[in-house]
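Residue-level structural notes
The chain contents come next:
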Amino acid sequence: MSVTFSLNGKPVTFDGPDDVPLLWAVREHFSLTGSKFGCGIGMCGACTMHLDGAAVRTCVMAVGHVRGRAVTTIEGLPTDETNPVHQAWNELDVPQCGYCQSGMIMATTSLLARNPNPTDQDIDQTITNLCRCATYIRIRAAIHAAARRA
């Protein structure tokens, strides 16, 4: 069955089963590979994208769930000076291996859209993505830096 939705601001149609995980549809069918597969159970956050502006784990979300909705991947975010999250991430050298970073950036962008001045507690409660390199101190610092820039 066909599923039509907006992907990074453009209308797209996925022709396949409705129960395919959104992550796989985006990576394999639309060749947008910035969002990563980490755990397959929605726990690690490497697969985080935005659905209608909210951060969601897409390895466990069926593509049929996004019919008629707006999906944004890491490729859909600006990478220039208009994006305070990217600026802060680069300035503070947040990534170590980098695998989790697209999910972290997507979760952070969603957080800052809803809460432009988050506390450490807000960050801890909202950014539940895992980083195997344990760069959490730099991630927290970058979130605060991005909030100050925005």
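Here the structure is a predicted model, which is why all the values come from computation and not from measurement.

Reading the values: the criteria
- Residues numbered from 1 in each chain as written.
- Predicted model: local features only at pLDDT ≥ 70, side-chain atom pairs only at ≥ 80, totals over all residues.
- Heavy atoms only, no water.
- Pairing = 2+ DSSP bridges.
- Helix = DSSP H or I, 4+ residues; strand = E, 2+ residues; numbered from the N terminus.
- Axes fitted to C-alpha atoms, helices over the stretch in contact; angles between N-to-C directions.
- Parallel < 35°, antiparallel > 145°, perpendicular 65-115°, else oblique.
- Left-handed = near helix turned anticlockwise from the far one by under 90°.
- Contact = heavy atoms within 4.5 Å.
- Nonpolar A, V, L, I, M, F, W, Y, C, P; charged D, E, K, R; others polar.
- Patch = residues over 30% accessible without salt bridge, like charges linked within 9 Å, V, L, I, M, F, W, Y side chains within 5 Å.
- Areas by Shrake-Rupley, 256 points an atom, 1.4 Å probe, with all protein chains shown as cover.
- Salt bridge = Lys/Arg side-chain N within 4 Å of Asp/Glu carboxyl O.
- Buried < 20%, exposed > 50% of the residue type's maximum accessible area, 1.4 Å probe, protein only.

As for the pairing of strand E2 (residues 10-15)
- As defined by bridge partners, strand E1 (residues 2-7) adjoins E2 across 6 bridges and the pair is classed as antiparallel. Bridge pairing links Thr4 to Thr13 in E2.
- Linkage of E1 to E2, two consecutive antiparallel strands, is achieved through a turn of 2 residues, within which Asn8 is found at a positive phi near 55°.

Things to note about the packing of helix H3 (residues 101-114) against helix H5 (residues 136-149)
- Contact pair H3 / H5: the axes reach a minimum separation of 11 Å and the direction vectors enclose 40°. One way to sum up the angle between H3 and H5 is to call them oblique. When the axes of H3 and H5 are compared, the crossing they make is right-handed. Between H3, through Met104, Thr108, Leu111 and Leu112, and H5, the contact on the second element is made entirely by Tyr136, Ile139, Ile143, Ala146 and Ala147.
- In terms of residue class, the contact of H3 with H5 is built from 8 nonpolar, 1 polar and no charged.

Brief notes about the environment of Arg27
- Residue position: Arg27 is located in helix H1 (residues 22-29).
- Here the alpha-carbon distance between Arg27 and Pro78, two residues 51 residues apart in the chain, equals 19 Å.
- With residues near it in sequence (within four places) discarded, Arg27 still touches Leu32, Thr33, Gly34, Ser35 and Lys36.

Focus on a nonpolar patch on the surface
- A cluster of nonpolar side chains, namely Trp24, Phe37 and Tyr99, defines an oily patch on the protein surface of about 280 Å² accessible area.
- For Trp24, the location among the structural elements is in helix H1.
- For Trp24, a relative accessible area of 31% gives the class partly exposed.

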